[in-house]
Amino acid sequence: MRLYDAHNHLQDERLEAQANELVRAARETGVVRMVVNGSTESDWTDVTALAERHPDIVIPSYGLHPWYIHERTAQWEARLREALSARPSAVGEIGLDRWKADLPWEGQEDVFCTQLRIAAEHNVPASIHCLQAWGRLVERLESTPLPACGFILHSYGGSAELVDRLAPLGAYFSFPGAFAREKKERQREAFRRVPPDRLLIETDAPDQLPPRGQLDPAAYALIGGVYAQWEQAEPFYQDAVLTTPKVGVYLGSYPGLDAGKSEEGAVLLCEQAKYDCNVLDGLDSIEGYELLILTDSTIVDEALAAKLERFYRGGGKLLLSGNAGHSADGWWMLGFLPLEFKGEVAKYPTFWRARPAFDADMSSSDRVFYQQGYQVVAGAGVEVWIDRVLPYFKRTAVTFSSHFQTPPVAEVDSFPAVLAGERFVYFADPIFREYRQSGNIVVREVWEKAVDRLIGAPAVGRGLPSAVNVYPLRKGNDLLVTLLHYVPVRKAMDIDVIDERGSFAGEILTVDRGGKHIIDFATGEKLVAVDANRYELPARKGVLRLTIQDYFL
């Protein structure tokens, strides 16, 4: 396993006493190169000394960090050119910073651009620091000569959207382990946006240290173990590409309404039902999708409304819930769907009562729904699948019931809960937020039936346990399928723990195109066919990688 630490400061005085030991530990855990970045003229000789002591692993990099440009001498530029001429390596750490208190902006851009030009002249990469100056950084990158070999955005803290603008300029995006912390969700979102061939990892040592305040050699071992697993699996995924899923899930919640819970619920339902999906926004192409899901509070403007109408009239299917399809001002924007809205439900939690024509078994009892829904009138050609039943009264401190939900009245309400048109299904209650919040099983049952009636069964995996995740890729005419079975268990009060692998023994894999040979990547053996469309899974735990041969023929 070959690991690269894209950015550290091993020359820092905080690491001086243990530098040699750290290099030894890094070698033992699979680190083959580490880029040691100078920050000021005074530490460039220390960087060079480390490179001379450990030439097999240390790549020196020389730069003026924006925090220290006021310490530069009149000869700094000549010294930088001299260092690069003597030892072609890298330029860094350089950059722009408007975050650090009392740090003057004057001189930062000139020093930064000079160092970029020097990197371009020597065609060596530059390692760039940026805090709260992303707009100006992009302007400078677009107007200054850049090294043909590219540049590194160290500890990338820009937005996910900015990745698409920076990558064509030659950017590589480096992330430290500290970004795995829960509060770093924005950085993890950017991480997911980065093209795999532009992704780097770093320690940034001795900064961004683990909680105990010192480097942990075991972290290298952990990272090495993860990368070793990837190395073993790499031949399976080589040259594979993403498939275009049938289902697209729209973002666009009202600010502060549900903090993304409805989108999370929609993706969770897709995963558990084995429908591959993509998350979309109003600017994304919808070509190739069969079903678009508008979650509980998806805002629709005129442009998106027109796009959705073209999609629907062209044969596409829609699934909506709650307040989806309205503008930010509350106007119903999807007039091509025959629905009329009459405000929110006053008394809730409510109950669902399925009609026998939709599901005979489900119609035998009422099912509680906790979130507040909407009152809607069905237009011509719209079928009611599930009626809404109101409680006797809304449970409050004044009108109190000993149960969390007040019992239902006998008769159904005039406003139904679930309706279906020619090629759409509308849930008058916010089902995705409900499922994410309370895991309401009836939501999953009805949602799966709705999606099945709209677009049919998923390509692979119908009937597997909900804890099994299915990830498809295309490789030529073959469909690659990764099955993950790791069961989260609420063993603690504040967190779900995933420390047990689930077994695939006894499970059956269903494929929508029968008669195919399915090969287990780990053993090279064919799965045993139960019938034309179903196959026995082997008795292993955690992960399976399967090739469905000639799936696309």
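In the block above lies the structure referred to throughout.
Remember, it's a predicted structure, so these values are computed and weren't measured experimentally.

(A) Region of interest: the packing of aromatic side chains. As enumerated under the stated definition, the model contains 16 aromatic pairs in all. Considering the side-chain rings of tyrosine 156 and phenylalanine 173, the 5.0 Å spacing of their centres and the 85° angle between planes classify their relative orientation as edge-to-face. Residue tyrosine 156 is located in the loop between β6 (151–153) and α6 (160–166), and its partner phenylalanine 173 is located in strand β7 (residues 171–176); the two are separated by 17 residues in the primary sequence. On the basis of relative accessibility, which here comes to 0%, the residue tyrosine 156 falls in the buried class.

(B) Spatial organisation of the packing of helix α3 (residues 76–86) against helix α4 (residues 108–122). One way to put it is that α3 packs onto α4 with a least axis distance of 11 Å and a crossing angle of 25°. It follows from the interaxial angle that α3 and α4 lie roughly parallel. When the axes of α3 and α4 are compared, the crossing they make is right-handed. Judged by residue contacts, Trp76, Glu77, Leu80, Arg81, Leu84 and Ser85 of α3 engage Val111, Thr114, Gln115, Ile118, Glu121 and His122 from α4. Split into classes, the residues belonging to the contact of α3 with α4 amount to five nonpolar, four polar and three charged.

(C) The arrangement of the sheet that holds strand β5 (residues 126–131) in detail. Ordered in space as β1-β2-β3-β4-β5-β6-β7-β8, the eight strands form an open sheet in which the pairing is parallel. With partners counted over all chains shown, the strands left at the sheet margins are β1 (3–8) and β8 (199–202), one partner each. On average, adjacent strands in this sheet sit at an angle of 25° to one another, irrespective of strand direction. Sheet topology note: the strand β3 (residues 58–62)/strand β4 (residues 90–97) ladder contains two bridges and is parallel. Looking at the pairing, tyrosine 62 lines up with valine 91 of β4.

(D) The environment of isoleucine 152, seen in detail. With respect to the helices and strands, isoleucine 152 occurs in strand β6. On the basis of relative accessible area, isoleucine 152 is assigned to the buried category, the value being 14%. Isoleucine 152 sits 36 residues away from arginine 188 along the chain, and the two C-alpha atoms are 17 Å apart. Leave out the neighbours within four places in its chain, and isoleucine 152 touches Ala6, Ala126, Ser127, Ile128, Tyr172, Ser174 and Leu200.

(E) Inspection of the environment of leucine 553 at higher detail. Structurally, leucine 553 can be placed in the segment after β26 (542–548). For leucine 553, a relative accessible area of 66% gives the class exposed. If near-sequence neighbours (up to four positions away) are discounted, leucine 553 is found in contact with Asn477 and Lys516.

(F) Region of interest: the pairing of strand β22 (residues 478–485). The buried count for β22 comes to six of eight residues, which makes it a mostly enclosed element. Pairing geometry for strand β21 (residues 468–475) and β22, over eight bridges, is antiparallel. Bridging from a neighbouring strand, asparagine 469 pairs with leucine 484 of β22. Between β21 and β22, which follow one another and run antiparallel, lie two residues, and glycine 476 among them has a positive phi close to 65°. Where β22 lies against β26, seven bridges are found, and the strand directions are antiparallel. Each residue of the ladder has a partner; that of leucine 479, found in β26, is isoleucine 548.

Cut-offs and rules
- Residues numbered from 1 in each chain as written.
- Predicted model: local features only at pLDDT ≥ 70, side-chain atom pairs only at ≥ 80, totals over all residues.
- Heavy atoms only, no water.
- Phe/Tyr/Trp six-rings, centres within 6.5 Å; stacked < 30°, edge-to-face > 60°.
- Helix = DSSP H or I, 4+ residues; strand = E, 2+ residues; numbered from the N terminus.
- Buried < 20%, exposed > 50% of the residue type's maximum accessible area, 1.4 Å probe, protein only.
- Axes fitted to C-alpha atoms, helices over the stretch in contact; angles between N-to-C directions.
- Parallel < 35°, antiparallel > 145°, perpendicular 65-115°, else oblique.
- Left-handed = near helix turned anticlockwise from the far one by under 90°.
- Contact = heavy atoms within 4.5 Å.
- Nonpolar A, V, L, I, M, F, W, Y, C, P; charged D, E, K, R; others polar.
- Pairing = 2+ DSSP bridges.

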